[in-house]
Every structure is written in structure tokens, then in C-alpha cells.
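Structural overview
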Amino acid sequence: METKTAKLLDGKALAAKIQQELSVAITQIQPKIGRPPGLAVLMVGDNPASAAYVRNKEKACAKVGIASFGKHFPAQTTLGELEEVIAALNHDERVDGILVQLPLPNHLDAVTLLHQIDPDKDADGLHPVNLGRLVRGETGLRSCTPAGVMRLLQEYKISLQGKQAVVVGRSILVGKPMALMLLEADATVTIAHSRSHDLKTITQNADILIAAVGRPGLISADMVKPGAVVVDVGMNRVTDASGNSRLIGDVNFESTAAVAGFITPVPGGVGPMTVAILLQNTFASYSRAAREQRE
């Protein structure tokens with residue numbers, strides 16, 4: 001019997017396409033504004049994973065023509081010092097997007113800092129004002145990872161209307177905004193989490209299954225409805241017996257790919273889309289600032 005393999009949702013290819021489109025748009029609009037778009041990524045401490053993410057973001061900015069105003073602070077930086085930096089960036093006309101790279105050292109409160117960012121410069125789309133706009137269906141900057149998932153589904157012409165969508169995970173970063181975006185697209189949405197009873201029965205009903213819990217290999221093939229669309233938001237670094245480390249998702253890719261209709265790889269699926277939407281959010285703020293200048 002022939003083994004069926006799911007079609008890959010290639011986030012890496014789509015992110016490259018989005019970056020190309022942004023590069024063209026920036027080239028066209030920049031002469032009218034007199035400056036490039038600007039993104040400030042604030043990083044505190046020496047977390048190696050964070051440093052790698054920040055480098056990726058800065059490289060992507062350079063590729064499309066966005067100026068980086070990134071700042072790297074020592075681990076002992078105080079909340080007050082960071083609040084002053086954010087206040088200055090809020091008023092800096094060269095800066096269209098601001099984000100604080102997480103996780104932060106334990107003595108700093110991420111929520112307090114997030115509240116300091118001007119909602120119209122909130123490149124991560126996580127400010128309460130932007131989440132409120134999402135709840136109300138109003139225009140605003142959207143949380144990058146779930147918005148990246150939606151853009152990926154759209155690219156592959158996956159219809160969501162009336163479909164059963166299950167989001168495993170309820171974080172403010174992914175799970176909750178993901179559920180709201182699916183609802184906005186007319187899906188019927190269930191949110192499952194670590195305390196859900198009989199997760200397998202819940203996920204087996206999903207036409208669209210989104211795993212975003214940070215637990216390696218949590219979703220196995222027997223939890224997936226045949227032909228379902230499986231989106232793996234998990235990014236878990238695991239080390240094998242030989243000491244080699246690699247990234248794996250929340251989905252057991254090999255077995256699930258034989259059951260699903262579509263599936264995202266890890267890496268190369270949702271990760272590149274998150275960065276692409278971050279750039280898109282920065283460009284959206286830049287375009288809005290340009291419109292306000294003209295009015």
C-alpha cells in the first residue's frame with residue numbers, strides 16, 4: 001500500500017517572498033518619507049538563544065532595508081533604566097517598531113515594560129491595546145507568531161470557514177491570539193491546554209490542529225484526524241546521547257506526516273513567518289507614520 005505524506009507548509013519560502021515584497025515597497029516609499037523604517041530590539045543579559053534570535057531579526061531587517069536601533073543591555077540593568085530607553089524610543093521619529101526580547105532576567109517584569117511601549121510601535125503585537133483591537137476586530141498590530149500562521153494558511157488556500165480548529169496551548173504569546181484570529185476567520189475554535197481531560201479525543205476532531213505548548217513530540221499520529229492541517233509552533237532544543245543538539249517541535253513529525261494533509265516542519269515552518277510578520281508590522285507602523293506626515 002502506498003504511504004501518503006502530508007504536503008509541507010513551507011514557512012521559509014513564504015517568509016522569503018514576504019521579505020522580497022517588503023524590500024520593493026520600502027524602496028518605493030522611502031524617497032517620499034526621507035528615511036528607512038526603523039526597528040529597535042532590546043535585549044537584556046546573555047541568553048544564547050535570545051542572542052541568536054536577535055541576530056536573525058537584525059539580519060532580516062538589513063535584507064529588506066529596515067534600520068536596526070537594537071540595544072544590548074547588561075543583565076543587571078534596572079527596570080527604571082529600560083523604561084527611560086523605551087520612553088526615548090517612543091518619541092524617536094526614526095523608530096517605527098520596538099520589541100523587548102524575552103525571556104528577561106528574573107528581576108525584570110516583562111509586562112511592566114511591554115505596557116511602556118507606544119501601542120502603535122508595538123512590533124510584537126502584544127500590548128493590551130493591540131490585543132484589545134484583535135478582540136474587537138479592529139485594525140491594529142497583530143501578535144507575530146499567530147499572524148504568521150494565518151498568513152501561511154492563506155498562502156496555501158486552506159479554508160477555515162466552518163472548520164473545527166483546535167489550539168493546544170493558551171499563552172498570551174500564541175494560544176489566545178491564535179484562537180481569536182481563527183475565530184475571526186469563521187472557524188469553530190477549541191482551546192486545549194495542560195489541564196484538558198482526554199486531549200487525544202479533542203485533537204482527533206480537529207480539521208486544523210495548532211500545537212503551541214513547548215512540549216517536544218506531544219502530538220503523535222494517533223491524535224490527528226486523517227487529512228488534517230497540522231501547524232507546529234513548538235521550538236524545543238533537545239540534546240541526544242552524543243551531545244548533538246537540534247530543534248524539534250511539539251508534533252512527532254515523521255509519524256504525523258503520514259496521517260495529516262498538511263504539516264509545518266520544524267525548523268522552517270512557523271519560525272521564519274514570525275520574523276516576516278515582525279518586519280511587516282514595522283512596515284505597517286512606518287506607512288501609518290508616513291500617512292500622518294502627509295495629512
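Residues numbered from 1 in each chain as written. Predicted model: local features only at pLDDT ≥ 70, side-chain atom pairs only at ≥ 80, totals over all residues. Heavy atoms only, no water.

**A few points about the overall build of the chain**
When you go through the chain residue by residue, the secondary structure sums to 10 helices and 12 strands. Taken over C-alpha atoms, the radius of gyration comes to 20 Å for the chain, in line with the 19 Å a tight globule of 295 residues would show. Across its three principal axes, the chain shows a C-alpha extent of roughly 60 × 40 × 35 Å. Sequence separation of at least 24 residues holds for 71% of the intrachain contacts in the chain that already meet a minimum separation of 6. Surface summary for the chain: the accessible area is close to 14500 Å², and the carbon and sulfur share equals 53%. (Helix = DSSP H or I, 4+ residues; strand = E, 2+ residues; numbered from the N terminus. Rg over C-alpha atoms; globule rule 2.2 N^0.38 Å. Contact = heavy atoms within 4.5 Å. Areas by Shrake-Rupley, 256 points an atom, 1.4 Å probe, with all protein chains shown as cover.)

**Considering the environment of Glu-155**
Mapped onto the fold, Glu-155 is located in helix α6 (residues 144–155). Judged by its relative accessible area of 26%, Glu-155 falls in the partly exposed class. Placed 16 residues apart in sequence, Glu-155 and Thr-139 show a C-alpha to C-alpha distance of 21 Å. Setting aside residues up to four positions removed in sequence, Glu-155 forms contacts with Leu-14 and Lys-17. (Buried < 20%, exposed > 50% of the residue type's maximum accessible area, 1.4 Å probe, protein only.)

**Structural notes on the UniProt feature "binding site: NADP(+)" (unreviewed entry) in the chain**
Summarizing the sequence annotation, UniProt attributes the feature "binding site: NADP(+)" (unreviewed entry) to Gly-169, Arg-170 and Ser-171 in the numbering used throughout. Secondary-structure assignment places Arg-170 in the loop between β6 (164–168) and α7 (175–184). Look at Arg-170 and you get partly exposed, because its relative accessible area is 38%. Leave out the neighbours within four places in its chain, and Arg-170 touches Gly-175, Lys-176, Ile-191, His-193, Ser-194 and Arg-195. Secondary-structure assignment places Ser-171 in the loop between β6 and α7. (UniProt positions renumbered as here; feature names shortened; annotations may be inferred.)

**Examining the packing of aromatic side chains**
Tallied over the entire structure, the rule returns 2 aromatic pairs. Here Tyr-156 and Phe-262 contribute two aromatic rings whose centre-to-centre distance is 6.4 Å and whose plane-to-plane angle is 70°, an arrangement assigned as edge-to-face. In this pair, Tyr-156 is assigned in the loop between α6 and β6 and Phe-262 in strand β12 (residues 262–263), connecting sequence segments 106 residues apart. Plain terms: the ring middles of Phe-283 and Tyr-286 are 6.1 Å apart, the flat faces sit at 45° to each other, and that makes the pair tilted. (Phe/Tyr/Trp six-rings, centres within 6.5 Å; stacked < 30°, edge-to-face > 60°.)

**A word on the nonpolar core**
Among the nonpolar cores identified, the biggest contains 52 residues, and Leu-153, Leu-182 and Val-231 are the most heavily contacted of them. Looking at this core, the element that brings in the most residues is helix α10 (residues 270–294), giving 10 residues. Ala-221, Val-224, Ala-228 and Ala-257 belong to the second largest nonpolar core, which has 20 residues in total. (Core = buried A, V, L, I, M, F, W, Y, C linked by side-chain atoms within 4.5 Å.)

**Some remarks on a nonpolar patch on the surface**
Together, Leu-102, Ile-172 and Leu-173 make up an exposed nonpolar region whose accessible area comes to about 250 Å². With respect to the helices, strands and loops of the structure, Leu-173 is situated in the loop between β6 and α7. (Patch = residues over 30% accessible without salt bridge, like charges linked within 9 Å, V, L, I, M, F, W, Y side chains within 5 Å. Salt bridge = Lys/Arg side-chain N within 4 Å of Asp/Glu carboxyl O.)

**Looking at the side chain of Thr-256**
By secondary structure assignment, the location of Thr-256 is in helix α9 (residues 253–257). Overall, the relative accessible area of 0% leaves Thr-256 in the buried class. For Thr-256, the side chain forms a polar contact with the main-chain oxygen of Asn-252, separated by 2.8 Å. Setting aside chain neighbours within four positions, we find Thr-256 in contact with Ile-219, Ser-220, Ala-221, Val-224, Val-230, Val-251 and Ile-263. (Polar contact = N/O pair within 3.5 Å; in protein donor to acceptor, adjacent residues only side chain to side chain.)

**Some remarks on the pattern of salt bridges**
Applying the stated criterion to the full structure yields 9 salt bridges. Notably, a salt bridge pairs Glu-155 with Lys-17, separated by 2.8 Å at the nearest N-O pair. Of this pair, Glu-155 sits in helix α6 while Lys-17 sits in helix α1 (residues 11–33); the two residues are 138 residues apart in sequence, bridging distant segments of the chain. Taking relative accessible area as the criterion, Lys-17 reaches 36% and is therefore assigned partly exposed. The salt bridge partner of Arg-142 is Glu-184, with a shortest N-O separation of 4.0 Å.

**Comments concerning the packing of α1 against helix α2 (residues 48–64)**
Put simply, α1 and α2 touch, their axes get as near as 8 Å, and they point 50° apart. In terms of orientation, α1 and α2 fall into the oblique class. Listed contacts from α2 to Gln-19, Leu-22, Ser-23 and Ile-26 of α1 are Ala-60, Lys-63 and Val-64. Here the residues of the contact of α1 with α2 are counted per class, giving 4 nonpolar, 2 polar and 1 charged. (Axes fitted to C-alpha atoms, helices over the stretch in contact; angles between N-to-C directions. Parallel < 35°, antiparallel > 145°, perpendicular 65-115°, else oblique. Nonpolar A, V, L, I, M, F, W, Y, C, P; charged D, E, K, R; others polar.)

**Some remarks on the sheet that holds β12**
Overall, parallel pairing links the 6 strands, which are arranged β1-β12-β9-β8-β6-β7 in an open sheet. Looking at strand neighbours, the two that pair on one side only are β1 (7–8) and β7 (188–192), the edges of this open sheet. As judged from the 4 bridges shared by strand β8 (residues 208–211) and strand β9 (residues 229–232), these two strands associate in the parallel manner. Pairing of Ala-211 across the sheet is with Asp-232, part of β9. Against the sheet, α7 touches β6, β7 and β8, its axis set at about 170° to β6. (Pairing = 2+ DSSP bridges.)

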